[in-house]
Amino acid sequence: MKNTALTDVHIALGAKMVPFAGYNMPVQYEGVNVEHETVRNGVGVFDVSHMGEFILKGKHALDLIQKVTSNDATTLYDGRAQYSYLPNDKGGIVDDLIVYKIADEHYLLVVNASNIEKDWDWISKHNTWGVEMENASDQYSLLAIQGPKALEVIQPLTSVNLSEIKNYHFVIGDFAGEKDVIISATGYTGSGGVEIYVKNEHIKHVWDEIFREGEPFGIKPIGLAARDTLRLEMGFCLYGNDIDDTTSPISAGLGWITKFTKDFISSDIIKSDKENGVDKKLVGFEMQEKAIPRHGYEIVDAQGNVIGNVTSGTMSPSLGKGIGLGYVPTELSKLGSEIFIQIRKNKVPATVVKLPFYKG
């Protein structure tokens, strides 16, 4: 099992450590609800250094990205990032990712930790142009500094005007005395903030500086458990739960990052799904009674027939009610549709709602 450059820091802070995607990761410190509320109302820091970073360079780097990703990377300019996915050859999803344009012929792809090797092999397999590829995953640490007070806390640490970085844009600049730090207006919480990419050898110093600046603001380290409740309240997909190699991107609601203005792997299959419709769709639902829908629970109709499974579910700390995601037949995917979650022997009613659950 791998450690991040900050594993010893988390252990010293009393974090509960768990294996996650091959890494020894902090799942919680004080508790999920406390950490969740810290990010929603103040500022918290996640160590997400387990994520993968691939650097693509060369004359045909864009051609390769256009071939293997669903979104249109020709719309990117220096300092712009884009959410996308890697389709497989059957119209499923290898992974979802973020593509960063550093400069012409120079891109950064950020992928999920559990899929680093799989994604690397997949992109390499389609690299018929001889694009220069580097798997830099073990060189970089990634911190997500999230919450409404995040920018105020860290602005003294950089000469970059953080308030000018628009959503899904980034700047490469100084941070906590270190050079060439990627400061990206991205995150998985829906509460604002940035993510920063720092070389491993500098991350302990950067972490310490962030927490020194944040102390008057009640800054706290946040574990993966709260990251999951925060992303679920926003209706964000988690690879391995809500999307995988067998998922139609159209079923998963990812049509908005699927651009048919270009040819990409399986574009014909995915276009057919869009034009002809799909038999099931990913929906968000809220429980009508006090109950927690857990991952894997069956979704049933009014007659008790199994129609799907809960892909992600929790008791929402912000809303105080059970929420979840799951695939249901298209005819039951309309807003306001009533479905039922089988919780042990009980068929508990739920309502299909518009995402995100948390409106902020």
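Cut-offs applied
- Residues numbered from 1 in each chain as written.
- Predicted model: local features only at pLDDT ≥ 70, side-chain atom pairs only at ≥ 80, totals over all residues.
- Heavy atoms only, no water.
- Helix = DSSP H or I, 4+ residues; strand = E, 2+ residues; numbered from the N terminus.
- Rg over C-alpha atoms; globule rule 2.2 N^0.38 Å.
- Buried < 20%, exposed > 50% of the residue type's maximum accessible area, 1.4 Å probe, protein only.
- Axes fitted to C-alpha atoms, helices over the stretch in contact; angles between N-to-C directions.
- Parallel < 35°, antiparallel > 145°, perpendicular 65-115°, else oblique.
- Left-handed = near helix turned anticlockwise from the far one by under 90°.
- Contact = heavy atoms within 4.5 Å.
- Nonpolar A, V, L, I, M, F, W, Y, C, P; charged D, E, K, R; others polar.
- Pairing = 2+ DSSP bridges.
- Domains from an automatic or database assignment.
- Buried area = accessible area lost by both parts, 1.4 Å probe.
- Salt bridge = Lys/Arg side-chain N within 4 Å of Asp/Glu carboxyl O.
- Polar contact = N/O pair within 3.5 Å; in protein donor to acceptor, adjacent residues only side chain to side chain.
- UniProt positions renumbered as here; feature names shortened; annotations may be inferred.
- Core = buried A, V, L, I, M, F, W, Y, C linked by side-chain atoms within 4.5 Å.
- Phe/Tyr/Trp six-rings, centres within 6.5 Å; stacked < 30°, edge-to-face > 60°.

Colleague: What is the right way to look at the overall build of the protein chain in this model?
Modeller: When you go through the protein chain residue by residue, the secondary structure sums to eight helices and 19 strands. A compact globule built from 360 residues would reach a C-alpha radius of gyration of about 21 Å, and the protein chain, at 21 Å, matches this within 12%. A principal-axis box enclosing the C-alpha atoms of the protein chain has dimensions of 65 × 50 × 40 Å. Looking at the protein chain residue by residue over its 360 residues, the buried ones come to 56%.

Colleague: Looking at this structure, I do not really get the packing of helix α2 (residues 32-41) against helix α7 (residues 224-233). What am I missing?
Modeller: The relative placement of two packed helices comes down to the angle between their axes together with the axis-to-axis distance. Contact pair α2 / α7: the axes reach a minimum separation of 8 Å and the direction vectors enclose 55°. Between α2 and α7, the angle is such that the two are oblique. For the crossing formed where α2 meets α7, the hand is right-handed. The residues of α7 that touch α2, namely those facing V32, E35, H36, V39 and R40, are A225, A226, T229, L230 and E233. Class assignment of the residues belonging to the contact of α2 with α7 gives a composition of five nonpolar, two polar and three charged.

Colleague: Would you take a moment to explain the sheet that holds strand β16 (residues 306-315) for this structure?
Modeller: Working definition: the strands of a sheet are paired by backbone hydrogen bonds and lie parallel or antiparallel to each other. Spatial strand order, β14-β17-β16-β15-β18-β19: six strands in a closed barrel with antiparallel pairing. Each strand of the sheet is rotated relative to its neighbour by a mean of 45°, with strand direction disregarded. Of the pairings in the sheet, the one linking strand β15 (residues 298-300) to β16 comprises three bridges and is antiparallel in character. Residue E298 lies in a different strand from β16, and its bridge partner there is N309.

Colleague: Looking at this structure, how should I read the pairing of strand β10 (residues 170-175)?
Modeller: The two faces of a sheet get side chains in turn, since along a regular strand they alternate between them. As judged from the five bridges shared by β10 and strand β11 (residues 178-184), these two strands associate in the antiparallel manner. Counted as the bridge partner of I172 is I182 from β11. In this structure, the hairpin formed by β10 and β11 is closed by a connection of two residues, where A176 is found at a positive phi of approximately 55°.

Colleague: Help me out: how do you make sense of the domain arrangement of the protein chain in this one?
Modeller: The figure often quoted for interface size is the accessible area lost as the parts come together. Here the domain parsing of the protein chain yields domain 1 (6-48 + 138-233), domain 2 (52-135) and domain 3 (235-352). For domain 2 and domain 3, the distance between their C-alpha centres works out to 27 Å. On the domain 3 side, the residues contacting the 26 residues of domain 2 number 21 residues. Its largest share of buried area at the contact with domain 3, domain 2 owes to Y83, Y85 and I93, together 32% of the area lost on that side. Where domain 2 touches domain 3, the interface holds one salt bridge. Viewed at the interface, domain 3 and domain 2 are joined by 19 residue pairs in polar contact (both at pLDDT 80 or more). Of all elements in the fold, only α3 (61-68), β5 (80-87), β6 (93-103) and α4 (116-125) reach the threshold of two or more residues within the side of domain 2 that touches domain 3. Of the residues belonging to the side of domain 2 that touches domain 3, the class tally is eight nonpolar, 11 polar and seven charged.

Colleague: Hey, could you run me through the UniProt feature "domain: GCVT N-terminal" (unreviewed entry) in the protein chain in this one?
Modeller: In this structure's numbering, the residues bearing the UniProt feature "domain: GCVT N-terminal" (unreviewed entry) are residues 6-262. Secondary structure over residues 6-262 splits into 25% helix and 31% strand, and the C-alpha atoms at its two ends are 41 Å apart.

Colleague: Hey, could you run me through the nonpolar core in this one?
Modeller: A general trend in soluble globular proteins is that nonpolar side chains are found buried together. Ranked by internal contacts, the top residues of the largest apolar core, which has 27 residues, are I145, F175, I196 and I210. Residue assignment for this core shows that the elements contributing at least two residues are β9 (140-146), α5 (150-154), β11, β12 (193-199) and α6 (200-214). With five residues, the top contributor of residues to this core is α6. Setting aside residues up to four positions removed in sequence, F175 forms contacts with I145, I154, L157, T158, V181, I183, I196, V206 and I210.

Colleague: Looking at this structure, I do not really get the packing of aromatic side chains. What am I missing?
Modeller: The geometry of two aromatic rings is summed up by the distance between their centres and the angle between their planes. Scanning the model with the defined rule gives seven aromatic pairs in all. Measuring from ring centre to ring centre gives 5.7 Å for Y100 and Y197, while their planes differ by 80°; the resulting arrangement is edge-to-face. One end of the pair, Y100, is in strand β6; the other, Y197, is in strand β12, and 97 residues separate them in sequence. A relative accessible area of 0% places Y100 in the buried class. Taken together, the aromatic side chains of Y100, F170 and Y197 make up a single cluster linked through ring pairs.

Colleague: Which parts of the structure should I look at to understand the UniProt feature "domain: Aminomethyltransferase C-terminal" (unreviewed entry) in the protein chain?
Modeller: Mapped onto this structure's residue numbering, the UniProt feature "domain: Aminomethyltransferase C-terminal" (unreviewed entry) falls at residues 280-359. Between the C-alpha atoms that bound residues 280-359 there is a distance of 26 Å. The span itself is 0% helix and 54% strand.

Colleague: Sorry if this is basic, but what is going on with α7 here?
Modeller: Note on helix geometry: an α-helix contains 3.6 residues per turn, so any two residues three or four positions apart are oriented the same way. With respect to burial, α7 is a largely interior element, nine of its 10 residues being buried. Buried within α7 we find L224, A225, A226, R227, T229, L230, R231, L232 and E233. A positive backbone phi angle near 75° is found at G235, which sits one or two residues after α7.

Colleague: What is the right way to read the sheet that holds β9 from this model?
Modeller: Pairing is mixed in the open sheet, where six strands are placed in the order β10-β11-β12-β9-β3-β13. Bordering the open sheet on either side are β10 and β13 (220-222), each of which pairs with just one other strand. Sheet twist, expressed as the mean angle between neighbouring strand axes with direction ignored, is 30°. With three bridges connecting them, β11 and β12 associate as antiparallel partners. The residue bridging I183 from the neighbouring strand is I196, located in β12. Against the sheet, α6 engages β3 (44-47), β9, β10, β11, β12 and β13, with an angle of about 145° to β12.

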